Amino acid sequence: MPDRLIRVNAYTTFDLLDGVATGHDFEEEAYAVLNVTAPRTDPDHLTLELELDNAELTDLPAHADRVTLSADEARELAAELESYADRVEAAGEDGSTADTAAST
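Summary of the structure given here. In this text the structure is predicted, and so the values were computed from the model without any measurement. (Residues numbered from 1 in each chain as written. Predicted model: local features only at pLDDT ≥ 70, side-chain atom pairs only at ≥ 80, totals over all residues. Heavy atoms only, no water.)

With respect to helix α1 (residues 71–94)
Three or four residues apart is the spacing at which side chains of an α-helix point the same way, because the helix has 3.6 residues per turn.
(1) Moving on: For α1, with 24 residues, the first-to-last C-alpha span of 35 Å sits near the 34 Å given by 1.5 Å per residue.
(2) Moving on: Downstream of α1 by a residue or two, G95 has a phi angle that is positive, lying close to 80°. (Helix = DSSP H or I, 4+ residues; strand = E, 2+ residues; numbered from the N terminus. Expected span 1.5 Å × (residues − 1).)

A closer look at the environment of D53
(1) Moving on: Of note, D53 is situated in the loop between β3 (46–52) and β4 (64–69).
(2) Moving on: Classification of D53 as buried rests on a relative accessible area of 9%.
(3) Moving on: Separated by 23 residues in the primary sequence, D53 and A30 place their C-alpha atoms 5.7 Å from one another.
(4) Moving on: A polar contact is formed between the side chain of D53 and the backbone nitrogen of A55, at a distance of 2.9 Å. (Buried < 20%, exposed > 50% of the residue type's maximum accessible area, 1.4 Å probe, protein only. Polar contact = N/O pair within 3.5 Å; in protein donor to acceptor, adjacent residues only side chain to side chain.)

Observations concerning the sheet that holds strand β2 (residues 27–37)
(1) Moving on: Spatial ordering of the open sheet is given by β1-β2-β3-β4, a layout of 4 strands whose pairing is antiparallel. In this open sheet, the two strands that pair with only one neighbour each are β1 (14–22) and β4. The sheet shows a mean angle of 30° between the axes of neighbouring strands, taken without regard to direction.
(2) Moving on: For β1 and β2, the ladder comprises 7 bridges, and the chain directions are antiparallel. Of the residues in β2, the one forming a bridge with T22 is E27.
(3) Moving on: Lying on the sheet, α1 is in contact with β3 and β4; it crosses β4 at an angle near 110°. (Pairing = 2+ DSSP bridges. Axes fitted to C-alpha atoms, helices over the stretch in contact; angles between N-to-C directions. Contact = heavy atoms within 4.5 Å.)

Here it is as structure tokens:
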């Protein structure tokens, strides 16, 4: 990923995930980096960052999206991720193809 805005190293949470950017007039697919960080000293929040590989994008300029979460918000997100991961895993075990987005 040339010209990355998010620093990617051995501590990056996820790199090279499949990403999609959707706008009113476009949809682009690209590799993505997803990272979680917190300040090293006196952490009072965490930051969730997402960046799509700008070498693969034609309609979207290079950018990174960031969300700042409190510890409680991060735990709420983690619980939602666990819940959906369980549903996906269960669907894979029984061969079901239920749409997980239908109940969000």
